[in-house]
Structure formats: structure tokens, C-alpha cells
Amino acid sequence: MFDPRRLTDAAKSLDRASNGHIASILRRGDLNGKLGSTLWLYSAPGVTAERVLLVGLGKQEEFDSKAYRDAARSAVRAVNESGASNALLYLAESTVKGHDRAWNVMQLAIITADASYRFDQLKSKHDQLRHQIKIDIGLQDKPTAELTQALHRGVALADGTSLAKDLGNLPSNICTPSYLARQALELAKEHRLVCRVLEEKDMQKLGMGALLSVTKASHEPAKLIVLEYRGGPKKQKPVALVGKGITFDTGGISLKPAGEMDEMKYDMSGAGAVLGTIKAVTQMQLGVNVVGIIPSCENMPGGHATKPGDIVTSMSGQTVEILNTDAEGRLILCDALTYAERFDPSAVVDIATLTGACVIALGHVASGLFANDDELATQLLQAGQQAWDRAWHMPLWDDYQDQIKSPFADMANIGGRPAGSVTAACFLSRFAKKFKWAHLDIAGTAWRSGKDKGSTGRPVPLLTTFLIHRAERN
């Protein structure tokens with residue numbers, strides 16, 4: 001119900017069935033409709049359900065994307081905590097500014113999965129109160145084919161996001177580059193995809209000196225994972241998704257401070273997002289071709305570690321002076337971007353927890369978006385807005401390129417403190433001149449810290465929605 005005490009059509013139906021029981025309770029002031037508030041009613045007359053949950057939607061004139069998602073999340077959490085075995089949610093019937101019911105249904109499926117997500121498989125004792133709840137989406141008329149498709153896509157996107165969360169939340173002693181490679185191979189086997197895993201000897205033959213410089217001190221072998229989904233016509237150029245897969249980042253010789261270093265297990269969130277997106281796209285059977293490229297390794301200190309001042313040669317032939325070994329993500333991505341050229345892609349999007357500077361610029365709300373093509377940038381921004389997995393378009397002007405000049409190599413791998421996320425993108429842009437390219441810096445959005453620490457699964461919703469729109473245009 002909306003504030004103040006204005007019932008939706010579904011609530012009015014229940015109120016009529018209960019001979020005004022709901023309205024009489026509201027007149028007592030137990031619930032006014034404040035956004036996210038909830039109230040359980042027990043044994044309502046004329047209603048076969050054991051319990052009825054009233055959910056506050058806030059002001060009707062302010063009921064937008066965020067309000068709908070907040071209300072849905074409150075409802076699902078209340079249901080999860082209730083001990084119920086099944087529930088019927090009528091929130092999708094609400095009118096949300098700028099969206100149709102298909103969007104409502106898809107988002108409700110995604111939010112239900114997100115609010116129900118737990119990562120406790122590594123605990124010796126699982127939560128004994130947890131149980132499976134069957135949740136249905138209620139409509140007052142028959143569902144259309146469009147709504148059925150929206151539900152199917154919402155479930156697929158939720159599954160892909162959950163995969164990305166699981167991979168991110170795993171500790172780095174389990175989620176190694178080899179583990180990521182096995183997950184890609186299993187995904188390929190399950191969905192009949194094409195998967196190849198390149199070993200370090202293969203990377204050496206290809207001249208991936210930048211990538212190999214990062215993994216030198218690690219005992220875990222690096223992997224370059226290539227996963228192909230072929231849902232479009234054979235001649236259709238693929239979209240390439242390139243995901244940073246640093247399964248743990250100590251900073252190398254440029255060692256990070258100890259505080260919160262455990263969160264550097266999330267430095268492979270770009271890789272997780274690529275695998276999660278391909279899983280979602282595969283379940284949706286979208287008519288689009290997608291190539292996932294995941295350079296994966298650890299960044300460790302040691303006697304063989306790359307040192308500040310070392311110069312390496314990338315696969316493209318360009319040389320890089322490594323001034324800071326903690327700016328390693330761009331080193332593995334630059335070789336992966338060069339490798340992407342062989343697929344003649346229609347567009348390339350790389351996804352990386354790349355810079356702390358992006359967190360300072362945008363906080364934990366929006367991902368940073370950089371692109372060498374305005375049309376591609378617009379498509380990604382619109383997809384993020386639609387999925388409520390938003391990004392913000394950042395500058396990629398040539399003026400910033402001067403900051404990564406080196407007197408000894410073609411470029412340096414850092415450009416100093418000013419505009420750190422921009423100069424990182426400028427570095428990558430030098431390896432993306434042969435195709436339309438965008439870079440998503442997800443350092444502020446890939447995981448949450450604090451008491452609710454955990455992977456968010458972003459930007460799987462943005463990327464999947466982008467590919468849905470791409471398939472519809474083909």
C-alpha cells in the first residue's frame with residue numbers, strides 16, 4: 001500500500017474478500033505505507049492464506065525503480081524470515097514510473113534471488129532455520145507471453161549473478177586461476193559451449209610479456225580462459241567480454257597495507273562477471289555471439305617477482321615500464337585485449353576491479369564507464385539504467401595520456417594520483433585501437449565491505465541487459 005494508507009488493486013481485492021478487515025486495521029494506525037515497512041496479518045477472514053503481508057510502497061507519485069526494488073526486497077526478506085513454505089507476491093502489479101509489468105516481473109525475480117542469497121557452504125554448521133521457499137508472482141489476469149519471457153530472463157539473470165557472487169565470495173585458496181578454468185570448462189560442458197584454456201607456455205609463445213610479468217612470483221600457474229557462446233548467425237561478429245581474473249592481489253613488491261587485504265580475493269570479480277553473464281545469456285538462448293576472455297593469475301611478492309622499474313613487452317609489441325606492481329590489472333588486461341583482436345569482435349567490453357581512484361570518484365553506487373565509441377557507451381549506460389546496475393560515463397581525453405609517458409618505454413603503468421581511474425583507462429585504450437571498446441571499472445561496486453561483506457555480482461545485470469538489447473537489434 002502507498003503512503004498514506006492507500007491500497008493497491010491487489011490489496012483492495014483482499015480487503016473486499018475480508019469484508020474490510022485490512023482497512024479496519026490500517027485505520028488503527030498500525031501501518032501508514034512508509035516505503036519498505038511491513039505488517040503481518042494472521043487469519044484474515046475470507047482469505048485462505050494463513051498470513052497476509054502488507055508492504056509499504058511510499059508515496060505513489062514517487063514510486064520509481066529504486067522504490068519498487070526497495071519494497072520488493074523488504075517483502076522477500078520478511079517472507080524468508082517468516083518460516084513460510086510458499087508465498088504469493090503481488091508487487092509486480094504495481095505501476096512503476098517509466099516501466100511496464102515485464103520489467104516489474106523480471107526485477108522481482110532478480111530481487112527475490114538476491115535477497116535470498118546466502119554463502120555458507122564453507123561453514124561446518126549450516127543455519128538450521130534455513131529452508132526452501134516457493135515464491136510465485138501473482139497477477140490478477142492471465143500472464144502474457146511477454147511476462148512469461150520476462151520471468152524466464154529474470155531467473156536466468158539471477159542464476160548468472162549468483163554464480164558471479166559464489167566465485168567472488170570463495171577464498172583465494174580455493175578460487176585459484178585453475179579453479180576458474182575448471183568452472184569455465186564445466187559451464188561449457190553443461191551448455192555445449194566452446195572453451196579453451198591457454199597455459200603459461202602458450203602465453204609465452206604469444207608474447208604476453210605483460211600478463212606473465214604479474215604471475216612470476218606465484219606458485220599458482222596463470223590461465224587464459226576463452227569461452228564462446230554461439231547463439232547468433234555464424235557470420236555475426238561476436239561481442240567480446242574481457243574479465244580481470246586476479247584471484248588474489250597482494251600488490252606484489254609494491255605490497256598493499258594489511259588492513260582489509262582479505263578483500264583482495266574479490267579482485268577476480270571481472271572474471272566472475274564474465275562467467276555469470278555467459279551463463280545467463282546461455283539460459284536465455286539469446287541470438288547473439290559472445291566470447292569471454294579471462295586472463296587469470298595471482299599477484300604475489302617473492303624472489304622472482306617483477307620489480308618497480310622493470311620493463312616488459314606486451315603481446316602488441318608495446319613496451320611498459322612498471323612503476324608500481326600493484327597496478328597489475330591493466331597489465332593482464334592489455335594482453336587479453338590484444339588477444340581479442342583475433343575474433344574480429346563487433347565490440348569489446350572489459351570488466352575490472354581496476355582502481356581505488358574510481359571508488360573515490362564514484363563511491364559504491366555507480367561503476368566507472370570509459371569508451372572509445374560514444375554509441376557503445378550509450379548502449380551500456382542505457383542497459384545499466386534498465387537493469388538498475390548503473391554506470392557513469394567518465395572522460396577518456398587525450399589530454400590525460402601525457403601522465404603515463406615514460407622516458408624508457410612506450411608507456412608507464414601508472415600516471416600518478418590525479419585522475420587515477422582515467423589514466424588507467426588511457427593505458428588500456430592504447431591496446432584497443434582496432435575495435436569499438438568500453439571499460440567498466442567496478443572497484444567500488446563489485447563487493448560490499450563491513451558486516452554485510454560479500455560479492456554483489458555486478459555488473460552481470462548490466463552486461464546481460466546490454467546483450468539482450470543487442471540480440472533484439474540483430
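It should be noted that the structure appears before, not after, this text.
Bear in mind that the values here come from a model prediction, so they are computed numbers and not experimental data.

Draft legend 1. Structural detail: the side chain of Lys-244. Tracing the backbone shows Lys-244 in the loop between β7 (239-243) and β8 (245-249). A polar side-chain atom of Lys-244 sits 2.9 Å from a polar atom in the side chain of Asp-267.

Draft legend 2. Structural context of the sheet that holds strand β15 (residues 411-412). On the basis of which strands lie adjacent, the open sheet formed by 3 strands has the order β10-β11-β15 and mixed pairing. Across the chains shown, the open sheet's two edge strands, defined by having one partner strand only, are β10 (310-313) and β15. The pairing of β10 with strand β11 (residues 319-322) spans 4 bridges and is antiparallel. The residue bridging Asp-310 from the neighbouring strand is Ile-322, located in β11.

Draft legend 3. Focus on empty space enclosed by the protein. Using the criterion set out here, one finds 2 cavities of 30 Å³ or more in the structure. Quantified by volume, the largest cavity comes out at close to 70 Å³. What lines the largest cavity is Ser-213, Val-214, Gly-252, Ile-253, Asn-299, Met-300, Ala-305, Thr-306, Ile-322, Thr-325, Glu-328 and Leu-331. Across the lining of the largest cavity, the residue classes tally to 6 nonpolar, 5 polar and 1 charged. Here the second largest cavity is characterised by a volume of approximately 30 Å³.

Draft legend 4. The environment of Cys-358, seen in detail. Among the secondary structure elements, Cys-358 is positioned in helix α11 (residues 356-362). A C-alpha to C-alpha distance of 22 Å links Cys-358 and Val-214, two positions 144 residues apart in sequence. Setting aside chain neighbours within four positions, we find Cys-358 in contact with Gly-363, Gly-368, Ser-421 and Asp-441.

Cut-off values and rules
- Residues numbered from 1 in each chain as written.
- Predicted model: local features only at pLDDT ≥ 70, side-chain atom pairs only at ≥ 80, totals over all residues.
- Heavy atoms only, no water.
- Helix = DSSP H or I, 4+ residues; strand = E, 2+ residues; numbered from the N terminus.
- Polar contact = N/O pair within 3.5 Å; in protein donor to acceptor, adjacent residues only side chain to side chain.
- Pairing = 2+ DSSP bridges.
- 1 Å grid on protein atoms, 1.4 Å probe; cavity = no way out; pocket = protein on both sides within 12 Å on 5 of 7 lines; lining within 4 Å.
- Points joined across faces, edges and corners; volume = space filled by probe spheres on them.
- Nonpolar A, V, L, I, M, F, W, Y, C, P; charged D, E, K, R; others polar.
- Contact = heavy atoms within 4.5 Å.

Purely spatial values, then, with no claim about function.
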